[in-house]
Amino acid sequence: MSALTYSGAPVEVDAEGFLQKPEQWTEEMAGDIARESGIDELTDRHWQVVNFMRKSYLDTGSAPSIRTLGKASGVPIKELYALFPKGPAKLAAKIAGIPKPPGCI
Amino acid sequence: MANRIVILGAGTGGTLTANRLRRRLGDRAEITVVDRDDEHLYQPGLLFVPFGVEHPERLVRSRAKQLRSGIDFRLGEVERVEADASTVHLADGTELGYDVLVVASGAELLPEETEGLTGPGWNESTFTFYTLEGATALRDALARFDRGRLVVSIVDMPIKCPVAPLEFSFLADWYLRRRGVRDRVELTYVTSLDGAFTRATCDRALSGLLAGKDIELVTEFNTGEVDGAGGRLVSWDDREVPFDLLVTVPLHGGAAYVSRSPGLGDDLGFLDTDQRTLQAKVAPNVFAIGDSANVPTSKAGSVAHFAAETLIENIDRHLAGRELVETFDGHTNCFIESGFHKALLIDFDYEVEPLPGHYPIPRLGPLALLKESRLNHLAKLAFQSFYWHMLLPGRDVPGLGAQFSMTGKQQLPALPIEQGAAR
């Protein structure tokens, strides 16, 4: 674990830059993290996913999988891949300031 | 009064749990096991069916007959579990009240969740060997296959026995060589992961095996559509892999009733479960074992076998009002068939990667870890008898501990963190 500064505020992140304490996240940080990940601007559609992701995590303690995002976020999986290239669930979690989804083995 | 224990599912986890509980608790508990049918399938055998090495009818036995006497076996479809009321509702209206519930319903295949997969070509040019019907249909298609592109794919994790599709690829290479047509077949392995296996040490060993057998590896391919008629796998980000014959592992989810039961499962229908105690998060008198639990292990019979010790202890403790033990360590082991009558064996847990060495006895083995050997292959074949006669009845095996052990394993230099288990 190490410390980083986003939008002037110190945050704790893991080796891949996922925030470890969701309460340290701010909306401005989301834009910073997105730019670092190659997304220049967060559109309303991006935000719909990021907000869903964050709310799910805060409600249930775990991040939704890509399959759940496709069914429940209001954004179909195809579009999720266009919005968040390569790994939508992982990237959206990073931008939403929640820990890396544990995934599966 | 005897405690009422209801176990949902009479597969590997449910059966061995019922038998061990019966032996441990005797008449202190009334054990009821519920399943929708009376066909217990030896799932590790499915891998060999497509190659004609194993026969479908040899893999199925009565579920009821694997249970010790004194255990009540009931046929029925579960409608839902009301954890607040400690009641299981069956589809025929029956209500089963319980003092302890064990969810052992495993994982289900969801091929219809992938666009096109169950459409044109299903069981003609696109197959899965994860069901008895699929494995049997594939056997007939494979026997006729003598040229073209054979693609083996994983749609997405989690899946049962994550090494099975790799083993299938190795065996397909062996099978096609034996038939003298290997040079006319392009063999490709397509995975949603960023390597052939989820564990770093294995990934290195197994990626080498793929290259050595001239099997092409395509990684980070998230299948969005299967075009059976056109012979194309299409990813969500518009990459394509063409095929003449597709062998795929469909999406998995938990048993359907889990999602119909308030608070019981996660978003994929697997039980929210404490990974050390195996107690479900929904209520203190609910436990989970095997593939139905969302603990971060492989979904494999060996995990259920090793988890049983912790589960049985904790059910007994819960009934006695004592504190639970946090002893389950994620211990997993599996044989990996590599073709030509050889296999590898891997042994690992939540924390420790599969390491080279010997199992279960240092230097002697007799089984070699993370290395191909003929004896590993013979052990894998012998396992079927062990499964029916030792594992399901819940007999203890001398020298084979439930807890993961570093005994006999060679320490390796530390691995980079980002290649850890979490994916």
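It should be noted that the structure appears before, not after, this text.
This is a predicted model, so every value here is computed, not measured.

Caption draft 1: How the structure looks around the overall build of chain A. Scanning chain A from terminus to terminus reveals 5 helices and 2 strands. Counted from the first residue to the last, chain A has its helices and strands arranged as β-β-α-α-α-α-α. The C-alpha atoms of chain A give 13 Å as radius of gyration, which agrees with the globular expectation for 105 residues (13 Å, within 12%). Dimensions of chain A along its principal axes, counting C-alpha atoms only, are 35 × 30 × 25 Å.

Caption draft 2: Fine view of the nonpolar core. Residues Val88 and Phe168 of chain B are the most contacted members of the largest nonpolar core, which totals 118 residues. When sequence neighbours within four positions are dropped, the list of residues in contact with phenylalanine 168 of chain B reads Leu47, Pro50, Phe51, Phe129, Leu138, Leu142, Val152 and Val247 of chain B. Listed in part, the 33 residues of the second largest apolar core include Val11, Ile39, Leu91 and Ala96 of chain A.

Caption draft 3: Local environment of the sheet that holds strand E9 (residues 100-103) of chain B. All names here are of chain B. In spatial order, the strands read E5-E2-E1-E9-E20; together these 5 strands make up an open sheet with parallel pairing. Strand pairing shows two members of the sheet lacking a second neighbour, strand E5 (72-75) and strand E20 (286-288), which therefore form its edges. When the angles between neighbouring strand axes are averaged without regard to direction, this sheet yields 20 degrees. The pairing of strand E1 (residues 3-8) with strand E2 (residues 29-35) spans 6 bridges and is classified as parallel. When the bridges of E2 are listed, asparagine 3 appears paired with alanine 29.

Caption draft 4: Looking closely at the pattern of salt bridges. Residue and element names in this part refer to chain B. One pass over the structure, following the stated rule, counts 32 salt bridges over all chains. Between glutamate 167 and lysine 380 there is a salt bridge whose closest N-O contact spans 2.7 Å. Here glutamate 167, found in helix H3 (residues 164-178), pairs with lysine 380, found in helix H7 (residues 374-391); they are 213 residues apart in sequence, far enough to count as distant. Of the two residues, glutamate 167 and lysine 380, neither departs from the other in class, the shared state being buried.

Caption draft 5: Representation of the pairing of E2 of chain B in the model. All names here are of chain B. Burial of E2 is extensive: 6 of the 7 residues sit out of reach of the surface. Each parallel crossover has a hand, and for E1 linked through helix H1 (residues 12-25) to E2 it is right-handed. When E2 meets E5, the two strands line up parallel, connected through 4 bridges. Paired with valine 33 across the bridge in E5 is phenylalanine 73.

Caption draft 6: Here's a closer look at the pairing of E9 of chain B. All names here are of chain B. Covered by surrounding structure in E9 are Val100 and Val102 together with Leu101 and Val103, the residues of both alternating faces. Relative to E9, E1 is paired through 4 bridges, and the arrangement is parallel. Bridge pairing links isoleucine 7 to valine 102 in E9. Sheet topology places E9 next to E20; 3 bridges connect them, and they run parallel. Pairing of leucine 101 across the sheet is with valine 286, part of E20.

Caption draft 7: Summary view of unusual backbone geometry. Residues and elements named next belong to chain B. Methionine 157 connects to proline 158 through a cis peptide bond whose omega is 0 degrees. Tracing the sequence through the fold places proline 158 in the loop between strand E12 (148-154) and H3. With omega at -5 degrees, the peptide bond leading from tyrosine 359 into proline 360 counts as cis. The phi angle at asparagine 123 is positive, at roughly 65 degrees, despite the residue not being glycine. If you trace the backbone, asparagine 123 turns up in the loop between strand E10 (107-109) and strand E11 (126-127). With relative accessibility at 33%, the residue asparagine 123 sits in the partly exposed group. A positive phi angle, close to 55 degrees, is found at phenylalanine 340, a residue other than glycine. With respect to the helices and strands, phenylalanine 340 occurs in the loop between strand E21 (332-339) and strand E22 (342-348).

Caption draft 8: Fine view of the state of the cysteines. Residues and elements named next belong to chain B. Scanning the model with the defined rule gives 0 disulfides over all chains in all. Note on cysteine 161: no disulfide assigned, nearest cysteine sulfur contributed by cysteine 334 at a separation of 6.1 Å. Using a relative accessible area of 28% as the deciding quantity, one classes cysteine 161 as partly exposed. Owing to a relative accessible area of 14%, cysteine 334 belongs among the buried residues under this scheme.

Caption draft 9: Region of the structure containing the packing of H1 of chain B against helix H6 (residues 301-319) of chain B. Residues and elements named next belong to chain B. Relative orientation of the contacting elements H1 and H6 amounts to 40 degrees, with a least axis distance of 9 Å. Relative to H6, the element H1 lies oblique. When you trace H1 past H6, the crossing you get is right-handed. Here Thr12, Gly13, Leu16, Thr17, Arg20, Leu21, Arg24 and Leu25 of H1 lie close against H6, whose contacting residues are Gly301, Ala304, His305, Ala308, Glu309, Leu311, Ile312, Glu313, Ile315, Asp316 and Leu319. Looking at side-chain class alone, the contact of H1 with H6 contains 9 nonpolar, 5 polar and 5 charged residues.

The rules behind these values
Residues numbered from 1 in each chain as written. Chains lettered and ligands numbered in written order. Predicted model: local features only at pLDDT ≥ 70, side-chain atom pairs only at ≥ 80, totals over all residues. Heavy atoms only, no water. Helix = DSSP H or I, 4+ residues; strand = E, 2+ residues; numbered from the N terminus. Rg over C-alpha atoms; globule rule 2.2 N^0.38 Å. Core = buried A, V, L, I, M, F, W, Y, C linked by side-chain atoms within 4.5 Å. Buried < 20%, exposed > 50% of the residue type's maximum accessible area, 1.4 Å probe, protein only. Contact = heavy atoms within 4.5 Å. Pairing = 2+ DSSP bridges. Axes fitted to C-alpha atoms, helices over the stretch in contact; angles between N-to-C directions. Salt bridge = Lys/Arg side-chain N within 4 Å of Asp/Glu carboxyl O. Right-handed = clockwise from strand over helix to strand, strands pointing away. Disulfide = S-S within 2.5 Å. Parallel < 35°, antiparallel > 145°, perpendicular 65-115°, else oblique. Left-handed = near helix turned anticlockwise from the far one by under 90°. Nonpolar A, V, L, I, M, F, W, Y, C, P; charged D, E, K, R; others polar.

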